[in-house]
Amino acid sequence: MKDELAKRLVQGLKQAGIDFVTYLPETRLSQIIPLIRDDPEMTLVAVSNEQEAVTIAAGATLGGKQAAVYMENTGIYVSSYSLLTVGRQLGVPLLLVIGYLGGVPDQRNSFLYATIGKHSIPVLQGMGIDHQIVEDSNNLEGKIKDAVRAANSLRAPYALLFAGEFSV
Amino acid sequence: MIRYECLELLASKITDQLVVTSQSGQRIEWSHLSRHEGNLLVGMMGCAIGVATGLALALPHRKVIALDSDGSVLLSLFNLPTLGNLQPKNLVVYVFDNGVYSGSRISYPTATAGNTDLAAMARGAGIKNTRTIRDLEEFKDGALKALTQNELAFFVCKVEESLMHREIPRPNTDLAENKYTFVRYLERTEEKTIRFVGRG
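Sequence order as written defines the numbering, with residues in each chain counted from 1. Key to labels: chains lettered from A, ligands numbered from 1, both in the order written. It should be noted that, the model being predicted, local features are given only for residues of pLDDT at least 70 and side-chain atom pairs only at 80 or more, the latter also being counted only at that level, while totals for whole chains, interfaces and linings use all residues. Derived side-chain values reflect all non-hydrogen atoms in the structure, with water molecules and hydrogen atoms excluded from consideration.

Examining the overall build of chain A
So, point 1. The helix count covers DSSP runs of H or I at least four residues long, the strand count covers runs of E at least two residues long, and both are numbered beginning at the N terminus. In terms of helices and strands, chain A carries seven helices and six strands.
So, point 2. Both definitions apply: the radius of gyration is a C-alpha atom measure, and the globule rule equals 2.2 Å times residues to the power 0.38. Rg of the C-alpha trace for chain A: 14 Å, near the compact-globule value of 15 Å for 168 residues, within the 12% margin.
So, point 3. Dimensions of chain A, computed from the C-alpha atoms along their principal axes, are close to 40 × 35 × 30 Å.
So, point 4. Here the term buried applies to any residue with accessible area under 20% of the maximum for its type, exposed to any over 50%, and partly exposed to those in between, with areas from a 1.4 Å probe on protein chains only. Per-residue burial over chain A gives 59% buried out of 168 residues.
So, point 5. Throughout, a contact is declared for two residues whenever any of their heavy atoms are within 4.5 Å. Excluding contacts between residues fewer than 6 apart, the proportion of contacts in chain A whose partners are at least 24 apart in sequence is 79%.
So, point 6. Counting 14 positive and 17 negative side-chain charges, chain A places the averaged centre of each group 3 Å from the other. By the counting scheme adopted, Arg and Lys are positive, Glu and Asp are negative, and His together with the chain ends is not counted. Positions of charges follow a simple convention, taking NZ of Lys, CZ of Arg, CG of Asp or CD of Glu.

Here we look at the packing of helix α3 (residues 50-62) of chain A against helix α3 (residues 48-58) of chain B
So, point 1. All axes are obtained by fitting lines to C-alpha atoms, using only the stretch in contact for helices, and the reported angles, taken between N-to-C directions, cover 0 to 180 degrees. Two elements in contact, α3(A) and α3(B), have axes separated by 6 Å at closest approach and are oriented at 45°. Classified by the interaxial angle, the pair formed by α3(A) and α3(B) is oblique. α3(A) and α3(B) meet at a crossing whose hand is right-handed. On the side of α3(A), the interface is formed by A:Thr55, A:Ile56, A:Gly59, A:Ala60 and A:Leu62, while α3(B) contributes B:Gly50, B:Val51, B:Thr53, B:Gly54, B:Leu55, B:Leu57 and B:Ala58. Note that the term roughly parallel is reserved for angles under 35 degrees, roughly antiparallel for angles over 145, roughly perpendicular for angles of 65 to 115, and oblique for everything else. Crossing chirality is assigned from the near helix's rotation relative to the far helix, an anticlockwise turn below a right angle marking it left-handed and a clockwise turn marking it right-handed.

Considering the confidence of the model for chain B
So, point 1. Counting all residues, the mean pLDDT for chain B is 94, and 98% of those residues have values of 70 or more.
So, point 2. Taken over the whole predicted complex, pTM reads 0.97, whereas the ipTM for its chain interfaces reads 0.97. Residue-level confidence of the predictor is what pLDDT reports, using numbers from 0 through 100.

Structural notes on the interface of chain A and chain B
So, point 1. On the side of chain B, 31 residues touch chain A, which itself brings 30 residues to the contact.
So, point 2. Around 2500 Å² of area is buried between chain A and chain B when both sides are counted, 64% of it from carbon and sulfur atoms.
So, point 3. Each of two parts loses accessible area, computed with a 1.4 Å probe, when they are put together; buried area is these two losses added. Area buried by chain A at its contact with chain B is led by A:Leu62, A:Leu90 and A:Arg155, which between them contribute 26% of it.
So, point 4. For salt bridges, the criterion is a side-chain nitrogen of Lys or Arg within 4 Å of an Asp or Glu carboxyl oxygen. Residue A:Asp19 pairs with B:Arg195 through a salt bridge whose shortest N-O separation is 2.8 Å.
So, point 5. Here a polar contact means two N or O atoms within 3.5 Å. Within protein one must be a hydrogen donor candidate and the other an acceptor candidate, and residues neighboring in sequence count only if both atoms are side-chain atoms. There are eleven residue pairs in polar contact (both at pLDDT 80 or more) connecting chain A and chain B.
So, point 6. When residues of the side of chain A that touches chain B are traced back to their parent elements, those giving at least two are β2 (43-46), α3 and α5 (80-89) of chain A.
So, point 7. Top contributing element to the side of chain A that touches chain B by residue count: α3(A), with eight residues.
So, point 8. Broken down by class, the residue content of the side of chain A that touches chain B amounts to eleven nonpolar, 15 polar and four charged. When residues are grouped by polarity, Ala, Val, Leu, Ile, Met, Phe, Trp, Tyr, Cys and Pro land in nonpolar, Asp, Glu, Lys and Arg in charged, and all others, Gly among them, in polar.

Quick look at helix α7 (residues 136-143) of chain B
Working note: α-helix, 3.6 residues per turn, so residues spaced by three or four point in the same direction.
Residue and element names in this part refer to chain B.
So, point 1. Listed as buried for α7 are Phe139, Gly142 and Ala143. What you see down the axis of α7 is that its buried residues fit within an arc of 95°, all on one side.
So, point 2. Its buried side turned inward, α7 meets α1 (3-11), β4 (91-97), β7 (130-133) and β8 (153-158).
So, point 3. Its side-chain oxygen placed 3.1 Å from the backbone nitrogen of Glu137, Asp135 serves as the N-cap of α7. In this description, one arc is meant: the one made by directions from the helix axis to the C-beta atoms.

Thoughts on the packing of α1(B) against helix α2 (residues 25-33) of chain B
Residue and element names in this part refer to chain B.
So, point 1. Taken N-terminus to C-terminus, the directions of α1 and α2 make an angle of 40°; their axes are 10 Å apart at the nearest point. Compared by their axis directions, α1 and α2 come out oblique. Of the two possible hands of crossing, α1 and α2 adopt the one that is right-handed. Here Arg3, Tyr4, Leu7, Glu8, Leu10 and Ala11 of α1 come into contact with α2, specifically with Gly25, Gln26, Glu29, Trp30, His32 and Leu33.

Details of the pattern of salt bridges
So, point 1. In the structure shown here, the tally under the stated rule is 15 salt bridges over all chains.
So, point 2. Between A:Glu141 and A:Arg8 there is a salt bridge, and its shortest N-O distance comes to 2.9 Å. Here A:Glu141 is found in helix α7 (residues 140-154), whereas its partner A:Arg8 is found in helix α1 (residues 3-15), with 133 residues between them in sequence.
So, point 3. Here A:Arg8 falls in the partly exposed class, since its relative accessible area comes to 27%.
So, point 4. A salt bridge links B:Arg131 to B:Glu138, with the nearest nitrogen and oxygen atoms 3.7 Å apart.
So, point 5. Among the charged side chains, a salt-bridge network with shared partners connects A:Lys14, A:Asp39 and A:Glu41.

Quick notes on the packing of aromatic side chains
So, point 1. Here the aromatic set is Phe, Tyr and Trp, taking the six-membered ring for Trp, and pairing holds for ring centres within 6.5 Å; pairs whose planes are under 30 degrees apart are stacked, those over 60 apart are edge-to-face, and all others are tilted. What the rule picks out here adds up to four aromatic pairs over all chains.
So, point 2. Geometrically, the ring pair formed by A:Phe162 and A:Phe166 is edge-to-face, given 4.9 Å between the ring centres and 70° between the ring planes.
So, point 3. Here A:Phe162 falls in the buried class, since its relative accessible area comes to 1%.
So, point 4. By relative accessible area, which is 0% here, A:Phe166 ends up buried.
So, point 5. Ring centres of B:Tyr94 and B:Phe155 lie 5.7 Å apart, and the angle between their planes is 20°; this geometry places the pair in the stacked category. You can see B:Tyr94 sitting in strand β4 and its partner B:Phe155 sitting in strand β8, a full 61 residues away along the chain. The exposure classification of B:Tyr94 matches that of B:Phe155, with both residues buried.
So, point 6. Here the aromatic residues B:Tyr94, B:Phe96, B:Phe139 and B:Phe155 are joined through ring pairs into a cluster of three or more.
So, point 7. Put simply, a charge is over a ring when the Lys NZ or the Arg CZ is close to the ring centre, within 6 Å, and near the line of the ring normal, within 35 degrees. For A:Arg28, the ring lying beneath its charged end belongs to A:Tyr113, and the centroid distance is 5.0 Å.

Here it is, written out as structure tokens:
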């Protein structure tokens, strides 16, 4: 991802009200991490496992933050338990910012990622988590704002899967 | 020492702390002992410490208590290094370690009935103020005092298995009801708006 795109992504998160981000880094969107870390209006929390990325972000949401979880799509599988129990069953809105490896629009797709990518969306659907694939930067800020509004309205996680231009 | 005795002592100390419970008999016992609106009775194993950590980070001026069990902590060991590095000063974790999966009804042993020492694991993960508590006097003198201190604390309370939670009424509030009571309580006491709650 170009640095300019990373800046827009972080600006888009801020404009949508995101002020708390938990993360386990991955390859496609990782340029956003130092930008969030250096922003005094945002709290960045490093975790060891995507499952706790979800539970910590959920706790922050209940405490009044507007939280996002940044993860690779492999993290969907790892965090599925807490996405379902805390996210869906308890009903806590979270924005999931996901590097979408191995999907058709992933410009760095290979045999390493394709199986992971193929099952990501069916797994989200199986949990009743709505999503959008973001392939280009057109109206990026608007898409993020819409996703946060949807998460808050649904009282549930909402996933943005970044590929295409974001995976170059 | 049984868990219920510890929870009775803890309940007497609750004022405006936020209390997050895991899923186990303690959830039933705590809801019986405490009607505090700042209780969040998370109904799943392996999630309480994470949710409590998020609350502690979001509200650093507010004391947050996590009530957990050995089975639940073993399911979410990744919380330990995260806590060891974050060191939220306003978080106190009580792990009631009875050495069995009591909810399974056959009480098969957890790893802590064998060679596993959760306090040693927490210490190794970077949580400095961690201690194993073995009797009620120690619980009073050591574990409860942490509520007035400004330091992350992690107590592994070795308790005998007790079936008290099967003799008392189960909580009749559902998860959503409890969540909204909790966030409305936070809105009132923090004088702030929790962004997602119902404004139609």
